[in-house]
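Structure at a glance
Below, each chain spelled out in residue letters.
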Amino acid sequence: MAERARRPRRPREEREARPARARKPPRPKAPTRRSDGTGGAFGMTGTRRAAMFAMVLCALALSIAVPLRTYLSQRDELRDVGAEQQKLRETVAALEQRKAQLQDPAYVEIEARKRLHWVRPGEVPYIVQLPGDESRNTESERPSGKPAAQRSWYEELWESVTHK
């Protein structure tokens with residue numbers, strides 16, 4: 001080794017003039033993905049890129065699907081509740097109108113005369129039969145001339161339920 005260190009170096013021209021076969025062949029580089037030229041972006045092949053794209057697409061679809069389903073179901077439920085609320089408003093308006101009618105004493109008297117066939121003391125009740133009313137049983141509609149029995153309210157209620 002000491003001899004090598006003492007040997008003078010040849011000039012550059014001489015070294016380059018050496019025949020080509022005497023030169024050592026260049027050492028091949030270790031294969032790397034970047035140097036292949038087929039790696040594309042991020043050093044991935046086309047198949048790997050497609051697989052990654054599919055995975056990202058599936059993740060996005062799954063992350064959007066659940067909130068979208070919840071939104072759509074809540075929107076349908078809100079529409080149903082709104083329709084039910086509108087029906088209830090109409091019912092309340094009809095009941096308030098009926099309440100206002102029933103607070104009028106004249107209306108209550110008309111209803112009592114029509115439905116219950118009530119008459120004032122001293123009046124003579126008449127039942128008018130129109131053509132086509134022959135099939136109707138007027139006796140069941142006419143109030144009985146008997147005085148009401150002195151019974152408690154729950155006995156009368158039970159009798160009215162059992163006789164019908």
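By the naming in an unreviewed UniProt entry, the protein goes by Septum formation initiator family protein and is assigned to Lentzea rhizosphaerae.

Let's shift gears to the overall build of the protein. Scanning the protein from terminus to terminus reveals seven helices and zero strands. Helices (α) and strands (β) of the protein occur, in sequence order from the N terminus, as α-α-α-α-α-α-α.

Glycine aside, residues mostly have negative phi angles, and peptide bonds mostly take the trans form. In this structure, His 117 is a non-glycine residue whose phi angle is positive, near 60°. As for its position among the elements, His 117 is in the loop between α5 (105-116) and α6 (138-141). For His 117, a relative accessible area of 29% gives the class partly exposed.

This part covers the packing of helix α4 (residues 46-102) against α5. As a packed pair, α4 and α5 sit with axes 7 Å apart at the nearest point and diverge in direction by 90°. Between α4 and α5, the angle is such that the two are roughly perpendicular. Across the interface between the two elements, Arg 98, Gln 101 and Leu 102 of α4 pack against Tyr 107, Val 108 and Arg 115 of α5. Each residue belonging to the contact of α4 with α5 can be placed in one class, and the counts come to three nonpolar, one polar and two charged.

Conventions we followed
Residues numbered from 1 in each chain as written. Predicted model: local features only at pLDDT ≥ 70, side-chain atom pairs only at ≥ 80, totals over all residues. Heavy atoms only, no water. Helix = DSSP H or I, 4+ residues; strand = E, 2+ residues; numbered from the N terminus. Buried < 20%, exposed > 50% of the residue type's maximum accessible area, 1.4 Å probe, protein only. Axes fitted to C-alpha atoms, helices over the stretch in contact; angles between N-to-C directions. Parallel < 35°, antiparallel > 145°, perpendicular 65-115°, else oblique. Contact = heavy atoms within 4.5 Å. Nonpolar A, V, L, I, M, F, W, Y, C, P; charged D, E, K, R; others polar.

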